Amino acid sequence: MVKHKDASIVAEAISVNSQDDIPPAHREDNILLRKLGYKSEFKREFSLLETISFSMAILAASCGVTTGYSYPLLSGGHFAMVWAWPIACIFVTCVAASMAELASSMPTSAGLYYFSAKMASKERSALASWITGWSNITGQVTLICSINFSCTELITTAIAMGTDGAVVLGSGPTFGILMAIHLTQAFFCSAGTRILARMTVVTMVLIRESQEQASMTTTIGATVSLLVCAGGQRASSMDAWTKFENNTGWSNNVWAFILAFTSPMWSLTGYDSAAHIAEETAGAARAAPIAILVGVAGTEILGWLYYIAASYATSSVPDILQSKLVLPLGQVFLNVLGKNGALTLWCSIVYLCGCSQAVDASRVIFAFSRDNALPGSRWWKRINHTTQTPVNAVWFAMLLSAICGILVFSTAAFNSLASASVIGLYISYVTPIYCRVTWGRDKLQPGPFNLGWWSFPIGWIGIVWVVFMVVMLLFPYTQTANVQTMNYSIVIVMAVFIFAGGSWIFSARHWFTGPIPNIDAQSDSSSYSEK
């Protein structure tokens, strides 16, 4: 007994002494992390700027609008381009603000499923954590695939534009490009934290440049270029802001317009990434909520300006719909800017966007595996001694995403992947928020960012919105769907639901208790009041 006590004292002394070379700010982060039940296993290489960059790299308004343009184009034309985005942004901001409050209080890579466990009642804690974790992993993995599929479509569109339509790649070559992107990203994302942190800054600079540059020869994504270079092809202000054209096949115009929300909902995903890299961030309790809010607000503003410019540059919706290019917005740029290799920068941006998302997904898999919640957890929770990153989790995330890539052989592949990612992610976003506004009203120990009384109305608005969106995203985009045009998101979501639900009923409910502390933490050091 004495020997055990002495060993504990020695271990604690070693732990304290090993912190001597750590900056004071990082030491405070590690102390808070210990209070949450975890030891520090990562280097805190992400600064506030780099954390914001990481969040914006995944959100990337330029990428989201370029690939998501077809949704409002079909669902209302000019009117949907201009108005669907800001309407959805109002409700997404409520979800983001609620998440930022939780991330500020509990800055750990476990993120959302940790929030659910701590905010839910004792009886429902494990189940809430299980639902959140599996939903988030579903969304994370399908978001990697949908982003990389977007990059693939940009490449195939660029080839078609550069050859005047002479070379149009089919599903086979497209699948090959998609797999090549996955493979190279897996190697890239296996790098150390310092390299990944610097990469995000480069990505943010590229995205910013693509939004502001007016060059016809170096980028097709410049909002200014669309407005300035459209010339006589520019739509009138009356048409650009108010003309409604329903080309979905659905007879109800209101429902058709609602389907246009798919674009902003898909673009505004991944902002939970700032929470998932909290253990790699300096001043995480402050940096994580700032990165979430700044990333979402910046993307919302840039995305709306981009859609307004696209609406003006779209002289005829029926003509654009007749384009043989994979991405309809490619035809708009071809009409306005000509074929001067402008897609090159866009492809590089989306590639880096996919890299950031792969890093995010790997951290979720690592954290969930750290609590033994995934099959093969002992492999996915390993930290590589050289890079000090979860390399195994990176490759597992990319493998799962590559399997989802089989959907490329369906003409509705992007719609299915986008819907599945939004459904999975937003269910995981609002589950801890629901726990917060119901069972956890008095449990949260506020961090530097706190909504105060507004936490409850803002949280409920976000919850109701997400429930509505999940139902909407399960519908096919046209009223007369067939095998090729079917929305297969229901297949992905139900497959995970059946597996995760079955695992819970027959096994996990007997042993899974939620987040497992990997240090000996005193009960009074918790961030939460156990009420």
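Residues numbered from 1 in each chain as written. Predicted model: local features only at pLDDT ≥ 70, side-chain atom pairs only at ≥ 80, totals over all residues. Heavy atoms only, no water.

Caption draft 1: Highlighting the overall build of the chain. When helices and strands are counted, the chain shows 24 helices and two strands. A buried classification covers 58% of the 531 residues belonging to the chain. Residue pairs at least 24 apart in sequence account for 84% of intrachain contacts in the chain once pairs closer than 6 positions are excluded. Summing over all exposed atoms, the chain offers an accessible surface of approximately 20,800 Å²; the carbon and sulfur share of this is 66%. (Helix = DSSP H or I, 4+ residues; strand = E, 2+ residues; numbered from the N terminus. Buried < 20%, exposed > 50% of the residue type's maximum accessible area, 1.4 Å probe, protein only. Contact = heavy atoms within 4.5 Å. Areas by Shrake-Rupley, 256 points an atom, 1.4 Å probe, with all protein chains shown as cover.)

Caption draft 2: Local environment of the confidence of the model for the chain. Considering every residue of the chain, the mean pLDDT works out to 82; 84% of them sit at 70 or more. Counting contacts from residues 1-18, a segment whose pLDDT is below 50, to residues more than four positions away or on other chains yields two contacts. Long-range and interchain partners of residues 204-221, a stretch whose pLDDT sits below 50, account for 59 contacts in this model, where long-range means more than four residues apart. (pLDDT = per-residue confidence, 0-100.)

Caption draft 3: Summary view of the packing of aromatic side chains. Applying the stated criterion to the full structure yields 31 aromatic pairs. Plain terms: the ring middles of W130 and W511 are 6.3 Å apart, the flat faces sit at 85 degrees to each other, and that makes the pair edge-to-face. Here W511 lies in helix α24 (residues 489-511) and W130 lies in helix α8 (residues 125-162), a separation of 381 residues in the sequence. Arranged with centres 5.5 Å apart and planes meeting at 35 degrees, the rings of F175 and F409 form a pair that is tilted. Here F409 lies in the loop between α21 (391-404) and α22 (413-437) and F175 lies in helix α9 (residues 171-188), a separation of 234 residues in the sequence. For F409, a relative accessible area of 43% corresponds to the partly exposed category. (Phe/Tyr/Trp six-rings, centres within 6.5 Å; stacked < 30°, edge-to-face > 60°.)

Caption draft 4: Fine view of the pattern of salt bridges. Here the structure, examined in full by the defined rule, presents three salt bridges. One salt bridge in this structure joins R436 and E101, with 3.8 Å as the shortest N-O distance. Residue R436 is located in helix α22, and its partner E101 is located in helix α6 (residues 78-105); the two are separated by 335 residues in the primary sequence. Across the pair, E101 and R436 agree in class, each one buried. Among the ionic pairs, R363 bridges to E280, the shortest N-O distance being 2.9 Å. Residue R363 is found in helix α19 (residues 343-370), and its partner E280 is found in the loop between α15 (273-276) and α16 (284-313); the two are separated by 83 residues along the sequence. A residue is classified by how much of its surface remains accessible, and R363, at 0% relative accessible area, is buried. Assessed through its relative accessible area of 0%, E280 is described here as buried. (Salt bridge = Lys/Arg side-chain N within 4 Å of Asp/Glu carboxyl O.)

Caption draft 5: Examining the nonpolar core more closely. Core analysis: the biggest nonpolar cluster contains 132 residues, and Y69, F261, Y271 and Y426 have the highest contact counts within it. Ranked by the residues each element gives to this core, the list is headed by α22, at 14 residues. If sequence neighbours within four positions are ignored, Y271 has contacts with S55, L59, V92, V95, A96, M99, I292, V296, Y426 and Y429. (Core = buried A, V, L, I, M, F, W, Y, C linked by side-chain atoms within 4.5 Å.)

Caption draft 6: Highlighting unusual backbone geometry. Despite not being glycine, N372 shows a phi value in the positive range, around 60 degrees. Among the structural elements, N372 can be located in the loop between α19 and α20 (377-380).

Caption draft 7: The arrangement of the environment of G405 in detail. Inspection of the secondary structure assignment puts G405 in the loop between α21 and α22. In sequence terms G405 and F149 are 256 residues apart; their C-alpha atoms lie 7.8 Å from each other. Setting aside anything within four residues of it in sequence, one finds G405 in contact with C145, F175 and L178.

Caption draft 8: Representation of the side chain of T269. With respect to the helices and strands, T269 occurs in the loop between α14 (262-267) and α15. Within the structure, the side chain of T269 is placed 2.6 Å from the backbone oxygen of W266, a separation counted as a polar contact. Residues in contact with T269, not counting those within four places in the same chain, are I58, L59, L143, V422, L425, Y426 and Y429. (Polar contact = N/O pair within 3.5 Å; in protein donor to acceptor, adjacent residues only side chain to side chain.)

Caption draft 9: Summary view of the packing of helix α7 (residues 111-119) against α22. Their axes nearest at 8 Å, the elements α7 and α22 cross at an angle of 20 degrees. Here α7 is positioned roughly parallel relative to α22, judged by the angle of their axes. Taken as a pair, α7 and α22 cross one another with a handedness that is left-handed. Here α7 contributes L112, F115, S116 and M119 to the contact with α22, which in turn contributes S428, Y429, T431, P432, C435 and R436. (Axes fitted to C-alpha atoms, helices over the stretch in contact; angles between N-to-C directions. Parallel < 35°, antiparallel > 145°, perpendicular 65-115°, else oblique. Left-handed = near helix turned anticlockwise from the far one by under 90°.)

Caption draft 10: Local environment of the environment of M81. Summarising the element assignment, M81 is placed in helix α6. M81 sits in the buried class, given a relative accessible area of 0%. Separated by 228 residues in the primary sequence, M81 and A309 have C-alpha atoms spaced 9.5 Å apart. Those residues in contact with M81 that sit more than four places away from it in its chain are Y69, P72, L73, Y307, A310, S311 and T314.

Caption draft 11: The arrangement of helix α18 (residues 328-337) in detail. With eight of 10 residues buried, α18 is to be regarded as a mostly interior element. Among the residues making up α18, those that are buried are P328, L329, G330, Q331, V332, F333, V336 and L337. Each element contacted by the buried residues of α18 is listed here: α4 (61-68), α5 (70-74), α8, α11 (223-229), α16 and α17 (317-321).

Caption draft 12: Just the environment of N30, in detail. On the secondary structure map, N30 appears in helix α2 (residues 24-36). Distance in space between the C-alpha atoms of N30 and A284 is 9.9 Å, their sequence separation being 254 residues. Reaching out from N30, the side chain makes a polar contact with the side chain of R44 at a distance of 3.0 Å.

Caption draft 13: Expanded view of the packing of α8 against α22. Across the interface, α8 lies against α22 with an axial gap of 7 Å and an inter-helix angle of 150 degrees. By the angle class used here, α8 and α22 are roughly antiparallel. Remark: the crossing between α8 and α22 carries left-handed chirality. For the contact of α8 with α22, the residue count by class is 15 nonpolar, 12 polar and no charged. (Nonpolar A, V, L, I, M, F, W, Y, C, P; charged D, E, K, R; others polar.)

Caption draft 14: Main features of the side chain of S135. Structurally, S135 is set in helix α8. Residue S135 is classed as buried on the basis of its relative accessible area, which comes to 14%. Discounting chain neighbours no more than four positions away, the residues touching S135 are G424, L425, I427 and S428.

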